[in-house]
Amino acid sequence: MPRPTQVSPRPFSARGFLASTRTQFWILVVLWLGSSAALIYGAFKLRYSMTNIDGISYMRIAEHWAAGRFDEAVNAYWSPMISWTMLPFMGLGADTQLAFMLASASWASVGVAAGTYFVFRQTNRNFFSALVVGVTVWVLCAGNLMNLTPDLLVIAWTMIFAWVLTEVNDRLAVGTRRSRILAGVLLGLTCVLGYLIKQFLIPVFVVVLIGWLAVRFLALRRSKRSVGTGHGRRTADDPGSGTSASGTYRQRAKPLLILPAVALLTMIVVAAPWVTALTVKYGYPTIGSSFSVNTATKLDPTAGTTTVTNSLELAPAASKNAISYGEDRTYQVPTPTSTGTTGSNGATTSDAATKKTSLVAGLKYYAGQRVKALPFYLDKIQAIAPFAVPIIAAFVILLAFGLISPRRHRAAVITATIFVVYFTGYLGLTSAAGKGGNLRYYWPLLALSTVTAALLWPALWQRVRAQGGWWRKLAAIALIVIIPVAAVSQHGYNRAYPFATGQTYGSYEYLRSTAVKPADQVFAEKLVADGVIKEGDRIVSNRVIRTLIYSWYMRAQIWGRDIPHDFTDPAFQKIIKDDKIQYFFLYEPESSTTMDVSGLGVVEHTYTMPYTCGTEAGKPAEACRLSIVRIDY
């Protein structure tokens, strides 16, 4: 009987092992776990970070939730998701600022994972494209982790939204009725998530989804005309063409309508408890106020044209336990002016401010402001994402001329569409006076443009390899590698040059530094320890922003807004006393004569601060003197 032939085991090949998509997937998973650990480590390093006063509102709202003060926690202006995400960390014993950092790091990790896996899946498991996205998004998030804002959550959401919408788009063509319903639920949940993260994302996903549905219906109508033409076009199994081309248009459109209907129903059901809570608190139907508050004067040519010299308004803290007025900007006080006639209460009015602006004049003013703001806007984007606009512009041009197939590259089309809508949205909000807005608003543009480029790169690489030539391959690699290289330069080392001329502020320096309490926190805690200020004390100040930071550390209340007041005016002093204010924080250059505050009270404590106060024009800045005045009654 012949002996069975023994097959020699296949020798191990390192190259073959690394070329395996399974191996590459697990390499990406290990890199993601390492990057997530680095983000958590960075969160601990940044536990004393105080970079943005908006964060004070988010943190105080989280404390309201944790303390069960639900009437104060429900807030129409500040979106709740970052505060909600802080609660588990606070429950584990983290203080509020550390909880904020850990929440941001967690969402950043989700954004890195979503963007990386989305590209890995849509490029047929192209390791290099996925790695470029993972590195770039991580560099962006890690370099800006110190910011006390929900903008890292926005990055994560844009990655999730692009991924989910692409998957939903594919399910429409090949999925069953059940899978379409599940896809609709997933899309609805994603949209609600965006709403709870930041209200600006509402018009983003609404416009994107309307555009996407319009394209799908147009494709459905065209697919009917293509039946029987002999061109062999796919219908039911082509993710780019929609549902089956058989039957009437209404019959073919019915499956397409199921998904958006389910998505809309999901959004209504899931968002209803939060919208109901807002409606009950404010006494009128509302989904939030930040969008309306921030766009209220966009059509008003007279906005910001007056100069305030002495306001008699003293905006109260937003609630009983709030730190400041800004904790809920839904309650708007009248805009102070300084020209015109004086009313019976001493407040000034302005003829210009009371004129009704016609809609035509308002739209003309608005359009002119967009044109003026555009150069500043593009400069800001270049400072943090120098290749973002060129990538999307090139993609749109190639798509328009038919050089890129929208069916083959549908994921890139969807991602680029989200970019365009997001870009246009903030162009509609930014201003020339604001020098193009805050850099952090535009971080998602870097992530979205990188994903778009990474989705297209495998097709470019395939063509380059077919044509041959080492220099072509080198150029193709350089085209994609330059994106994370620029990100490391700008967001890791805070160097705009040589990729931009603007200013950026991302940095990894905190990873090498020792976490220490900032001087403001040390000083504020000393005031509490010495019994100078108690929790809940009411304070007014001639430097509201600086005192707001102290008030956060002391858990005191700062009343008023950052507008000029005459604290020697008896009328304003009466307002201060009527509102039961306990202390006045007076900041002055150290060499100046102390303001006469005898009408308010007495100076109990004086400190020389480690920062400067402004002086008269032409004179150098000098050390700042803080006088704490106890209000007498």
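Caption draft 1: Molecular detail of the packing of helix H16 (residues 410-427) against helix H17 (residues 443-467). Two elements in contact, H16 and H17, have axes separated by 9 Å at closest approach and are oriented at 160°. Our classification of the angle between H16 and H17 gives roughly antiparallel. Our pair here, H16 against H17, has a crossing hand that is left-handed. When H16 is examined against H17, the residues Ala411, Ala412, Thr415, Ala416, Ile418, Phe419, Tyr422 and Phe423 are found in contact with a partner set consisting of Pro444, Leu445, Leu448, Ser449, Val451, Thr452, Leu455 and Leu456. Taken together, the residues of the contact of H16 with H17 sort by class into 13 nonpolar, three polar and no charged.

Caption draft 2: Up close: a nonpolar patch on the surface. Together, Leu189, Leu265, Val269 and Val270 line one region of the surface with nonpolar side chains, adding up to about 350 Å² of accessible area. Broken down by element, the residue count for the nonpolar patch peaks at three residues, all from helix H11 (residues 249-282).

Caption draft 3: Structural context of the sheet that holds strand E5 (residues 622-631). An order of E2-E1-E3-E5-E4 is seen for the five strands of this open sheet, with the pairing classed as mixed. At either end of the open sheet lies a strand with only one pairing partner, and these are strand E2 (557-558) and strand E4 (601-613). Two elements, strand E3 (residues 583-589) and E5, share seven bridges in a ladder whose sense is antiparallel. Counterpart to Phe585 in the pairing with E5 is Ile628. The strands touched by helix H21 (residues 544-554) are strand E1 (538-541), E2, E3 and E4; relative to E3, the strand with the most contacts, the crossing angle is about 135°.

Caption draft 4: A look at the layout of surface pockets. When its volume is computed, the second largest pocket comes out at roughly 700 Å³. Around the second largest pocket, the lining is made up of 22 residues, and of these Leu398, Ile404, Leu456, Trp457 and Leu460 lie nearest the centre. Secondary structure elements with two or more residues in the lining of the second largest pocket: helix H15 (388-400), H17 and helix H18 (470-492). Top contributing element to the lining of the second largest pocket by residue count: H17, with seven residues. Across the lining of the second largest pocket, the residue classes break down as 17 nonpolar, three polar and two charged.

Caption draft 5: Molecular detail of the confidence of the model for the protein. When pLDDT is averaged along the protein, the result is 85, and 84% of the positions lie at 70 or above. A low-confidence stretch, residues 226-242 (pLDDT under 50), is modelled with 31 contacts involving residues beyond four sequence positions or located in other chains. Segment residues 333-355 is flagged for pLDDT under 50; beyond a separation of four residues in sequence, or across chains, it makes 36 contacts in the model.

Caption draft 6: Expanded view of unusual backbone geometry. Phi is positive for Asn124, close to 60°, though the residue is something other than glycine. With respect to the helices and strands, the residue Asn124 is situated in the loop between helix H6 (96-122) and helix H7 (127-143). Positive phi values are uncommon outside glycine, yet Arg125 reaches one of about 65°.

Caption draft 7: Expanded view of empty space enclosed by the protein. As enumerated under the stated definition, the model contains two cavities of 30 Å³ or more in all. Roughly 60 Å³ of internal volume is contained in the largest cavity. In this structure, the largest cavity is lined by 14 residues; those nearest its centre are Ala385, Pro386, Phe387, Leu446 and Ile483. Of all the secondary structure elements, the ones that give two or more residues to the lining of the largest cavity are H15, H17 and H18.

Caption draft 8: Examining the packing of aromatic side chains more closely. The full count for this structure, using the stated rule, is 29 aromatic pairs. Geometrically, the ring pair formed by Trp65 and Trp84 is edge-to-face, given 6.0 Å between the ring centres and 75° between the ring planes. In this pair, Trp65 is assigned in helix H3 (residues 54-67) and Trp84 in helix H5 (residues 81-91), connecting sequence segments 19 residues apart. Measuring from ring centre to ring centre gives 4.8 Å for Tyr77 and Trp78, while their planes differ by 80°; the resulting arrangement is edge-to-face. In terms of burial, Tyr77 and Trp78 fall into one category: buried. A connected cluster of aromatic rings, assembled from ring pairs, spans Phe200, Tyr377, Phe419, Tyr422, Phe423, Tyr426, Tyr441 and Tyr442. One cation-aromatic arrangement involves Arg555 over Trp552; the distance from NZ or CZ to the ring centre is 3.7 Å.

Caption draft 9: Fine view of H16. Compared with an ideal rise of 1.5 Å per residue, which puts 18 residues at 26 Å, H16 spans 26 Å between its outermost C-alpha atoms and is within 8% of the ideal. Three or more residues of H16 are buried, namely Ala411, Ala412, Ile414, Thr415, Ala416, Ile418, Phe419, Val421, Tyr422, Phe423, Tyr426 and Leu427.

Caption draft 10: Region of the structure containing helix H20 (residues 519-529). Where H20 is concerned, the buried positions are Asp520, Gln521, Phe523, Ala524 and Leu527. Taken around the axis of H20, the buried residues stretch over an arc of 165°, which confines them to a single face. Buried residues belonging to H20 abut H6, H21, E3, E4 and E5. A positive phi of about 80° marks Gly531, the residue just after H20.

Caption draft 11: Broad picture of the packing of H17 against H18. One can describe the packing of H17 onto H18 by two numbers: an axis separation of 8 Å at closest approach and a directional angle of 165°. Considering their axes alone, H17 and H18 lie roughly antiparallel with respect to each other. Note on packing geometry: the crossing formed by H17 with H18 is left-handed. On H18, the residues touching Trp443, Leu446, Thr450, Ala453, Ala454, Trp457, Leu460, Trp461, Val464, Arg465 and Gln467 of H17 are Arg472, Lys473, Ala476, Ile477, Leu479, Ile480, Ile483, Ala487 and His491. Residues of the contact of H17 with H18, tallied by class, amount to 14 nonpolar, three polar and three charged.

Caption draft 12: Here's a closer look at the nonpolar core. Phe161, Leu187, Leu527, Ile533, Tyr550, Met554 and Phe585 are the most contacted members of the largest nonpolar core, which totals 153 residues. When residues in this core are grouped by element, the largest group, 14 residues, is from helix H8 (residues 151-174). Setting aside residues up to four positions removed in sequence, Leu527 forms contacts with Val532, Ile533, Met554, Phe585, Tyr607 and Ile628. Core analysis: the next-biggest nonpolar cluster, separate from the first, contains 16 residues, Leu314, Trp559, Ile581 and Phe584 among them.

Caption draft 13: Focus on the pairing of E5. Where burial is concerned, most of E5 is hidden: seven out of the 10 residues are buried. Pairing analysis gives 10 bridges linking E4 to E5, with the strands arranged antiparallel. Along E5, the bridge assignment pairs Val603 with Val629.

Cut-offs applied
Residues numbered from 1 in each chain as written. Predicted model: local features only at pLDDT ≥ 70, side-chain atom pairs only at ≥ 80, totals over all residues. Heavy atoms only, no water. Axes fitted to C-alpha atoms, helices over the stretch in contact; angles between N-to-C directions. Helix = DSSP H or I, 4+ residues; strand = E, 2+ residues; numbered from the N terminus. Parallel < 35°, antiparallel > 145°, perpendicular 65-115°, else oblique. Left-handed = near helix turned anticlockwise from the far one by under 90°. Contact = heavy atoms within 4.5 Å. Nonpolar A, V, L, I, M, F, W, Y, C, P; charged D, E, K, R; others polar. Patch = residues over 30% accessible without salt bridge, like charges linked within 9 Å, V, L, I, M, F, W, Y side chains within 5 Å. Areas by Shrake-Rupley, 256 points an atom, 1.4 Å probe, with all protein chains shown as cover. Salt bridge = Lys/Arg side-chain N within 4 Å of Asp/Glu carboxyl O. Pairing = 2+ DSSP bridges. 1 Å grid on protein atoms, 1.4 Å probe; cavity = no way out; pocket = protein on both sides within 12 Å on 5 of 7 lines; lining within 4 Å. Points joined across faces, edges and corners; volume = space filled by probe spheres on them. pLDDT = per-residue confidence, 0-100. Phe/Tyr/Trp six-rings, centres within 6.5 Å; stacked < 30°, edge-to-face > 60°. Buried < 20%, exposed > 50% of the residue type's maximum accessible area, 1.4 Å probe, protein only. Lys NZ or Arg CZ within 6 Å of the ring centre and 35° of its normal. Expected span 1.5 Å × (residues − 1). Arc of directions from axis to C-beta. Core = buried A, V, L, I, M, F, W, Y, C linked by side-chain atoms within 4.5 Å.

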